[in-house]
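Topology and contacts: notes
Listed below, chain by chain, are the residues.
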Amino acid sequence: MTETHLSPAHLVLPLFVQEGAGQTPIPSMPGQARLGIEPLLAVARRALSAGVGGVALFPALTDALKTPRGEESLNDDGLLQRTVRALKRELPELVVFTDVALDPYSSDGHDGVVIDGRIDNDETVPLLAKMAVAQARAGADVVAPSDMMDGRVEAIRRALDEAGFQDVGILSYCVKYASGFYGPFRDALDSAPRSGDKKTYQMNPANVRECLREIALDEAEGADLLMVKPGLPYADVLRFVREHSTLPIAAYHVSGEYCMLKVAAERGFLDYERCLLESLLCLRRAGADLIFTYGALEAAELL
Ligand code: PBG
């Protein structure tokens, strides 16, 4: 009588990469670390053999490489590009998602270019398109713009096609809210906004009707998959988006959601494994075809 199923192929494991051979634990995300390329390959190999659907990469750069326009994101020998190449060389069948947004590269800690204290949408879009092409050149299977600028899906699609990457997909963070649940992620990358907040480009948590406009734009611009983020607190939004688009829908069980489960379990108040699998099943029930979760490896091995 079971109506909904969860399997490892539904899960995508986000991974943080850093320079060097070692790894650095992330205090607010127990069990997660920023990984050098070698340890990252080992985790990715485990994820692949557990049947995980893919990995999503986020680079942690030193402040010295961060600039207002994030030029390091275009460096073919930059950390992210080297990581993608290593993954595609060692594990060619593992699907690699790369994140398109300025924040890991931005000295302002914003997803777009900051001009006179404003995040400038139209100055940012061409930079995102170039970033996506650089990621595709390194071997990314799917680029995932998480920046929430308007018009970037179309610009990215056109730039990828012109560069010969017609087969690289676009997972658009279509419905991404300005959320407090991203706190531990920003600790992991040291990428919190240096001033202001992200409310001029990310969505207002009070809104759901606005999703219809975001969906219409992303579909018309050529997105292949749509993301709803965060996960469980927005399960109603996920269901709404599922019912208003024919595209596959991904949900992001974000860093704060992972943190809540892990920390409660560390204190002995929750059964982590049980609550993780239940959370992921709930996201599937609410309509997710794919789930980004830091628990992907644990869940896949349990399943
Ligand atoms: C930013 C980005 C964020 C996350 C993924 N990409 C944070 C933000 O918008 O500040 C959050 C993921 C998480 O919390 O797990 N481009």
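Here is a short report on the structure shown in this document. (Residues numbered from 1 in each chain as written. Predicted model: local features only at pLDDT ≥ 70, side-chain atom pairs only at ≥ 80, totals over all residues. Heavy atoms only, no water.)

Overview of the overall build of the protein chain
Which entries qualify depends on this criterion: A run of H or I in DSSP becomes a helix once it reaches four residues, and a run of E becomes a strand once it reaches two; helices and strands are each numbered from the N terminus. Categorising residues by exposure relies on relative accessible area from a 1.4 Å probe, with only protein chains included: less than 20% of the type maximum marks a residue as buried, more than 50% marks it as exposed, and the intermediate range marks it as partly exposed. Note on definitions: a residue-residue contact is assigned when non-hydrogen atoms from the two residues lie within 4.5 Å. All accessible areas in this document rest on Shrake-Rupley with a 1.4 Å probe, and a residue is counted as covered only by the protein chains that are shown. Only four residue types enter the tally: Lys and Arg on the positive side, Asp and Glu on the negative side; His and the chain ends are excluded. For this purpose, a charge sits on NZ of Lys, CZ of Arg, CG of Asp or CD of Glu.
Looking only at helices and strands, the protein chain features 10 helices and 12 strands. By principal-axis analysis of the C-alpha atoms, the protein chain measures approximately 50 × 45 × 40 Å. For the protein chain, the residues scored as buried account for 58% of the 303 residues in total. Counted over contacts in the protein chain with a minimum sequence separation of 6, partners at least 24 positions apart contribute 75%. Total accessible area on the protein chain is roughly 12600 Å²; 52% of this is exposed by carbon and sulfur atoms. With 30 positive and 44 negative side-chain charges, the protein chain shows a spacing of 2 Å between the two charge centroids.

Some words on the pattern of salt bridges
Short version of the rule: Every case where a carboxyl oxygen of Asp or Glu lies within 4 Å of a side-chain nitrogen of Lys or Arg is listed as a salt bridge.
Scanning all chains against the criterion turns up 21 salt bridges. Between Arg 45 and Glu 90 there is a salt bridge, with its nearest N and O atoms 3.7 Å apart. Placement of the pair is Arg 45 in helix H1 (residues 37–49) and Glu 90 in helix H2 (residues 79–90), with a sequence separation of 45 residues. The partly exposed category is assigned to Arg 45, whose relative accessible area is 40%. Salt bridges sharing partners connect three or more residues here, namely Arg 45, Arg 89 and Glu 90.

Section: the environment of Gly 117
Topologically, Gly 117 is positioned in the loop between strand E6 (113–115) and strand E7 (118–120). Taking C-alpha positions, Gly 117 is 31 Å from His 253, a pair spaced 136 residues apart along the chain.

What to know about the site of the ligand
Counted only if it meets this: We call a residue near a given molecule or strand whenever any one of its heavy atoms falls within 4 Å of it. For the purposes of these results, a polar contact is taken to be a pair of N or O atoms within 3.5 Å, where, inside protein, one atom must be able to donate a hydrogen and its partner to accept one; residues adjacent in sequence count only when each atom of the pair is a side-chain atom. Amino acid classes used here: Ala, Val, Leu, Ile, Met, Phe, Trp, Tyr, Cys and Pro are nonpolar; Asp, Glu, Lys and Arg are charged; the rest, including Gly, are polar.
Neighbouring the ligand are 18 residues; Arg 186, Lys 198, Lys 229, Ser 255 and Tyr 294 lie closest to it. Ser 255 places a polar side-chain atom, nitrogen or oxygen, 2.7 Å from an oxygen atom of the ligand. Classifying every residue of the shell around the ligand by side-chain character gives 8 nonpolar, 3 polar and 7 charged.

Details of the packing of aromatic side chains
Centre distance and the angle of the planes are the two values used to describe a pair of aromatic rings. The cut-off we apply is this: Each pair of aromatic rings taken from Phe, Tyr and Trp, with Trp reduced to its six-membered ring, is defined by centres within 6.5 Å and is described as stacked if the planes are under 30 degrees apart, edge-to-face if over 60, and tilted in the remaining cases. By the criterion adopted, a ring carries a charge over it if an Arg CZ or a Lys NZ lies within 6 Å of its centre and within 35 degrees of its normal.
One pass over the full model with this rule turns up 11 aromatic pairs. Ring plane angle 40° and centroid distance 5.4 Å describe the contact between Tyr 252 and Phe 292, whose orientation is recorded as tilted. You can see Tyr 252 sitting in strand E11 (residues 249–253) and its partner Phe 292 sitting in strand E12 (residues 290–293), a full 40 residues away along the chain. On the accessibility criterion, Tyr 252 (1% relative accessible area) is buried. Each ring, one from Tyr 252 and one from Tyr 294, has its centre 6.1 Å from the other, and the planes form 40°; the classification is tilted. Linking Tyr 252 in strand E11 with Tyr 294 in the loop between E12 and helix H10 (296–302), this pair joins segments that are 42 residues apart in sequence. A relative accessible area of 2% means that Tyr 294 is categorised as buried. Aromatic ring contacts, followed pair by pair, group Phe 16, Phe 58, Phe 97, Tyr 173, Phe 185, Tyr 252, Tyr 258, Tyr 272, Phe 292 and Tyr 294 into a single cluster. The aromatic ring of Phe 185 is capped on one face by Lys 229, whose charged end is 6.0 Å from the ring centroid. Looking at Lys 262, its charged tip hangs above the ring of Tyr 272, at a distance of 3.9 Å from the centre.

Remarks on the packing of helix H3 (residues 121–138) against helix H4 (residues 152–162)
The criterion, for reference: In this description, a line fitted to the C-alpha atoms serves as the axis of each element, helices being fitted only across the stretch in contact, and the angle between N-to-C directions of two axes falls anywhere from 0 to 180 degrees. Put simply, angles under 35 degrees are roughly parallel, angles over 145 are roughly antiparallel, angles from 65 to 115 are roughly perpendicular, and the rest are oblique. By definition, any crossing whose near helix is turned counterclockwise from its far helix by less than a right angle is left-handed, and any crossing with a clockwise turn is right-handed.
Direction vectors running N to C along H3 and H4 enclose 45°, while the axes themselves pass 8 Å from each other. Taken together, the axes of H3 and H4 lie oblique to each other. Crossing of H3 over H4 shows right-handed handedness. Packed against H3, whose contacting residues are Val 125, Leu 128, Ala 129, Ala 132, Val 133 and Ala 136, the element H4 presents Arg 152, Ala 155, Ile 156, Ala 159 and Leu 160 at the interface. Per-class residue counts for the contact of H3 with H4 are 10 nonpolar, no polar and 1 charged.

Topic: helix H9 (residues 272–286)
So the rule is basically this: To estimate how far a helix should reach, multiply one less than its number of residues by 1.5 Å.
Between the first and last C-alpha of H9 there are 21 Å, a value that for 15 residues agrees with the 21 Å anticipated at 1.5 Å per step. Looking at the packing, one finds that the buried side of H9 touches strand E1 (11–17), helix H7 (235–244), E11, helix H8 (255–266), E12 and H10. For H9, the N-terminal cap is Asp 271; the gap from its side-chain oxygen to the backbone nitrogen of Glu 273 is 3.2 Å. Gly 287 lies just past H9 and shows a positive phi near 125°.

Some details on the side chain of Ser 146
Checked against the element boundaries, Ser 146 lands in the loop between strand E8 (142–145) and H4. Relative accessible area serves as the criterion here: at 3%, Ser 146 is assigned to the buried category. In terms of polar contacts, Ser 146 uses its side chain to reach the side chain of Asp 99, at 2.9 Å. In contact with Ser 146, other than residues within four places in its own chain, are Asp 99, Val 100, Ala 101, Asp 111, Arg 152, Tyr 173 and Lys 176.

Here's the deal with the state of the cysteines
Which entries qualify depends on this criterion: Here, the term disulfide refers to a pair of cysteine sulfur atoms separated by no more than 2.5 Å.
Tallying each qualifying case throughout the model produces 0 disulfides. We note that Cys 174 lacks a disulfide partner, and the nearest cysteine sulfur, in Cys 211, lies 7.1 Å from it.

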